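Take a look at the letters that make up each chain.
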Amino acid sequence: MLKKPFTLVVAIILPLTLVVGCSKSTDTPSASPTAASSSSTGKYDKELTITVSRAILDASTVKDDLEAKMLKEKFNLVFKAEDYSRNDWATKTTLLFSTGDGPEFIPYSRDQWKSIEWMSAGYLRPFELDEIKQKLPNYLKIWSNEEWDTVLKSTRFSDGKLYFLPNKRTIPVQTAWQYRKDLFDKYGLKFPKTPDDMINTLKTIKDKTGLIPFVVPGNSSSPLWAVSTFFQMFGFPDLLLTWNSYVDPATKQFYAYPLATDQSRNILVFLNKMYKNGLLMKDFATATADQTNKLIAQGNHVIAQTINDPSFMDGQQKAAAPDAKWAWVDNYDHPSNDPNKTIYKKESYYSFWGPAIKKGTSQEKVDRLLDYLNWAVSEEGQLWYTYGKEGVTYEKKDGVPTFLPTMSTPTQAQGDKLANYGINIGVIGLGGFITPYKTFDQTFNKAKLEMSTVIPSKPNYYGPIEPILQLSDADRKKLVGLETTLNGVRDEYWLKFIMGALDPSNDGDWKKFMDAANKAGLPEVVKLRTDAYNKANNS
């Protein structure tokens, strides 16, 4: 699954280019026993260059490319990278594949970034189950048998094969609401419990301060990502823009495409009030991450549903608002329009992204890549991708790796990022394929570990259910085509409703949307998804 960013640019900022170079042994972590013994027998005597394509979110200057040095030292590998902005990456990589020049290795592939189309077109090489058992034992060790069974059923393609390696999530619940507690306290406000409370509370803050209360951009897949944070207040998963379908966690009812049903009208009425009252940034549908970051740095943005630590939020606004004090909402309470059913964001076992290899890549290169991936998910690899190089990005205190003061961390916005040292380019590391090193969550995610216990135990709190669908290749291709058109119509009309060109409470205006959705293939989408859900869950 896609893990959606909430109010900030992700902490991992990716550089534009990868500088490939050699290094002395002192420039890399000590080799694992497997790598060392393999090297001594000549397993990696031959240097291999592998073409790589990566999606870049933001540019960072690479001071010293430690990853390139590690790849060369441990595996005699050179990654020849072609990097594109995330807005262009899927389209350009698809074009490369279609002309036969596609990359041999993709650090991560995502379903909404064309990877399903690549699987269907035969561009990717499957990871056979026997191959995973033999070549990637460290990868299998991170899953229990039950987890792996669920992951395999959820991520395999219609031919039953796995074309990428999903990463494992380590925290069941890591998203909750935060707010500018200093402002709320100053004006005697409590964090809202209902959508109406949200409107009234944010309007008070805007009137008192002139700040824009909620500042988040959309993204290239849909401008509605900017407002999907509020879906959960109305019983919808916030990842519904990715899933399109969901299973109600209380009733277990399947909804094939709820964003084009009467269920969604209350959300649109709420979002229209937010927009009309200036509680959302006016250009949320087109704003870039840079534009929103500037607004946040100026002190705008006072509520957020986020995975970042409150101290990180403080750091973003420190210059313009030195008294800013962000805090988690007490007991992680979530506003809801239904006191009998509050939806929180429950993470899947896995994230629907991971490394993929191009079909036709030589077996020699495949074997080298599998050795690298097996090391990367080992304890040593997790340490390296989580903290970087000892003495450069971290040190050990009482045996526990600790970032140096010069480094940005989940609790400190300022400082160098691992990307400045070439690490996590393309998110092969932390946040992509590799789970964090064992001490990371205890150090930086104590609140998230706590909310993983507190939130699921609350009465009438439910984690949303992502449905497993079983589609034939032909039906999948048909569904992708239909939904490309339908999602475009959905976004067009939702923006009209939010910005006031149409009124979601007006039956005539709503009929215009439904007529357009039906013309764009809504009935066919609902049937395909419903049949695929029934097939997967009745077999």
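**Q** What is the right way to read the overall build of the protein chain from this model?
**A** A count of helical and extended segments in the protein chain gives 20 helices and 16 strands. Of all 539 residues assigned to the protein chain, the portion counted as buried reaches 58%. Put simply, of all contacts in the protein chain between residues at least 6 apart along the chain, 79% involve residues at least 24 apart. A total accessible area of about 22,200 Å² is found for the protein chain, and carbon and sulfur atoms account for 50% of it.

**Q** Explain the sheet that holds strand 9 (residues 303-306) to me, please; I cannot follow it from the model alone.
**A** The antiparallel open sheet is built from three strands, whose spatial order is 9-6-10. Of all strands in the sheet, those bounded by a partner on one side alone are strand 9 and strand 10 (326-328). With strand direction ignored, the average angle separating the axes of adjacent strands in the sheet is 30°.

**Q** Can you help me understand the nonpolar core in this one?
**A** Across soluble globular proteins, you tend to see nonpolar side chains buried next to one another. Ranked by internal contacts, the top residues of the largest apolar core, which has 70 residues, are Phe230 and Ile303. If one sorts the elements of this core by residue count, helix 18 (residues 473-499) sits on top with nine residues. Apart from residues no more than four positions distant in its own chain, Phe230 is found in contact with Trp177, Met198, Phe214, Phe270, Leu271, Met274, Leu280 and Ile303. By size, the runner-up hydrophobic cluster in this structure holds 47 residues, among which are Leu165, Ala376, Trp384 and Tyr421.

**Q** What is the right way to look at the pattern of salt bridges in this model?
**A** Pairing of side chains with opposite charge becomes possible as their charged atoms draw close. Within the structure shown, the criterion is met by 29 salt bridges. Its salt-bridge partner being Asp509, residue Lys512 comes within 3.7 Å of it at the nearest N-O pair. Of this pair, Lys512 and Asp509 are both found in helix 19 (residues 507-519), three residues apart, which corresponds to roughly one turn of the helix.

**Q** Where do I start with the packing of helix 18 against helix 19 in this structure?
**A** Axes are the key here: two packed helices are described by the angle between their axes and the distance separating the axes. The geometry of helix 18 relative to helix 19 is characterised by a closest axis approach of 9 Å and an angle of 165° between their N-to-C directions. Taken as axis vectors, helix 18 and helix 19 run roughly antiparallel relative to one another. Crossing of helix 18 over helix 19 shows right-handed handedness. Residues Leu486, Val489, Arg490, Tyr493, Trp494 and Phe497 of helix 18 lie in contact with helix 19, whose contacting residues are Asp509, Trp510, Lys512, Phe513, Ala516 and Ala517. Residue composition of the contact of helix 18 with helix 19, by class: nine nonpolar, no polar and three charged.

**Q** Looking at this model, I keep getting lost on the pairing of strand 9. Mind explaining?
**A** Each regular strand shows side chains that alternate between the opposite faces of the sheet. Where burial is concerned, the two faces of strand 9 agree: the one with Ile303 and Gln305 and the one with Ala304 and Thr306 are both buried. One ladder, built from four bridges, connects strand 6 (residues 176-180) with strand 9; its direction is antiparallel. What sits directly across from Gln178, in strand 9, is Ala304.

**Q** What's the story with helix 2 (residues 66-75) in this structure? I'm lost.
**A** What sets the pattern is the α-helix's 3.6 residues per turn: residues three or four places apart point alike. Extensive coverage of helix 2 is indicated by the burial of nine of its ten residues. Regarding helix 2, the residues found buried are Leu66, Glu67, Ala68, Lys69, Met70, Leu71, Lys72, Lys74 and Phe75. Two or three places before Glu67, at the opening of helix 2, Asp65 has a side-chain oxygen 3.4 Å from that residue's backbone nitrogen. Directly beyond the C-terminal end of helix 2, a positive phi value near 50° is found at Asn76.

**Q** Looking at this structure, how should I read the environment of Thr94?
**A** Take Thr94: it is sitting in helix 3 (residues 86-98). Residues Thr94 and Tyr123 lie 29 residues apart in sequence; the distance between their C-alpha atoms is 9.2 Å. Engagement of the side chain of Thr94 in a polar contact is seen with the backbone oxygen of Ala90, the distance being 2.7 Å.

**Q** Whenever I open this one, the packing of aromatic side chains confuses me. Can you help?
**A** Each aromatic ring pair is specified by the distance between its two centres and by the angle formed by the two planes. This structure, assessed with the given rule, holds 39 aromatic pairs. With 6.0 Å between their ring centres and 40° between their planes, Trp177 and Phe230 make a pair best called tilted. On the criterion of sequence distance, the pair formed by Trp177 in strand 6 and Phe230 in the loop between helix 9 (195-209) and helix 10 (240-243) is long-range, its members being 53 residues apart. This pair shows no difference in class: Trp177 is buried, exactly as Phe230 is. Ring pairing ties together the aromatic residues Tyr44, Phe75, Phe79, Phe105, Tyr372, Trp375, Trp384 and Tyr385, which thus form one cluster. The ring of Tyr275 has Lys282 sitting right over it, with the charged end atom 4.3 Å from the ring centre. The ring of Tyr461 is capped by Lys458, whose NZ or CZ atom sits 5.4 Å from the centre of that ring.

**Q** Is there a simple way to think about the confidence of the model for the protein chain in this case?
**A** Interpretation of this model should avoid reading the predicted coordinates in detail wherever pLDDT is low. Mean pLDDT over the protein chain: 86, with 88% of residues reaching 70 or higher. Across residues 1-40, confidence stays below pLDDT 50; counting only partners more than four residues off in sequence or on other chains, it has 138 contacts.

**Q** What should I look at first to understand helix 7 (residues 145-155) in this one?
**A** Burial in helix 7 covers these residues: Glu147, Trp148, Val151, Leu152, Ser154 and Thr155. Where helix 7 is buried, its residues touch helix 5 (129-135), helix 6 (137-141), strand 5 (167-168) and strand 12 (350-351).

**Q** For this particular structure, what's the right way to read the environment of Asp248?
**A** With respect to the helices, strands and loops of the structure, Asp248 is situated in the loop between strand 7 (246-247) and strand 8 (254-255). What makes Asp248 buried here is its relative accessible area of 2%. Apart from the residues within four sequence positions on either side, Asp248 is in contact with Gln253, Tyr255 and Lys341. At 2.6 Å, the side chain of Asp248 forms a polar contact with the side chain of Lys341.

**Q** Can you walk me through the environment of Lys478 in this structure?
**A** Counting through the fold element by element, Lys478 comes out in helix 18. Lys478 sits 46 residues away from Glu524 along the chain, and the two C-alpha atoms are 9.4 Å apart.

Criteria and thresholds
Residue numbering note: each chain is counted from 1, following its sequence as written. Predicted model: local features are reported for residues with pLDDT of at least 70 only, side-chain atom pairs are reported and counted for 80 or more only, and whole-chain, interface and lining totals are derived from all residues. Values reported for side chains reflect all heavy atoms of the structure, with hydrogen atoms and water molecules removed beforehand. Secondary structure counts use DSSP, requiring at least four H or I residues in a row for a helix and at least two E residues in a row for a strand, with both numbered from the N terminus. Relative accessibility thresholds used throughout: buried, under 20% of the residue-type maximum; exposed, over 50%; partly exposed, between the two (1.4 Å probe, protein chains only). We call two residues in contact whenever any of their non-hydrogen atoms come within 4.5 Å of each other. To measure how exposed things are, a 1.4 Å probe is used in the Shrake-Rupley method; for residues, cover is taken only from the protein chains shown. Following DSSP output, two strands are said to pair if at least two bridges run between them. Structural elements are reduced to axes, namely lines fitted to C-alpha atoms, with helices fitted over the stretch in contact, and the angle between N-to-C directions of any two is expressed from 0 to 180 degrees. Working definition of a nonpolar core: buried Ala, Val, Leu, Ile, Met, Phe, Trp, Tyr and Cys residues. They are joined through side-chain atoms within 4.5 Å. The term salt bridge refers to a pairing of a side-chain nitrogen on Lys or Arg with a carboxyl oxygen on Asp or Glu at a separation within 4 Å. Angles below 35 degrees are treated as roughly parallel, those above 145 as roughly antiparallel, those between 65 and 115 as roughly perpendicular, and all remaining angles as oblique. Crossing handedness follows the turn of the near helix against the far one: under a right angle anticlockwise gives a left-handed crossing, and clockwise gives a right-handed one. The residue classification treats Ala, Val, Leu, Ile, Met, Phe, Trp, Tyr, Cys and Pro as nonpolar and Asp, Glu, Lys and Arg as charged. All others, Gly included, are polar. Within 3.5 Å is the distance limit for a polar contact, defined as a pair of N or O atoms, with the added protein rule that one can donate a hydrogen and the other accept it, and that residues adjacent in sequence qualify only through two side-chain atoms. Any Phe, Tyr or Trp ring, taking Trp's six-membered ring, that has another such ring centre within 6.5 Å forms a pair; planes under 30 degrees apart are called stacked, those over 60 apart edge-to-face, and the others tilted. Geometrically, a charge over a ring is one whose NZ (Lys) or CZ (Arg) sits within 6 Å of the ring centre while staying within 35 degrees of the ring normal. Known as pLDDT, the predictor's per-residue confidence is scaled from 0 to 100.

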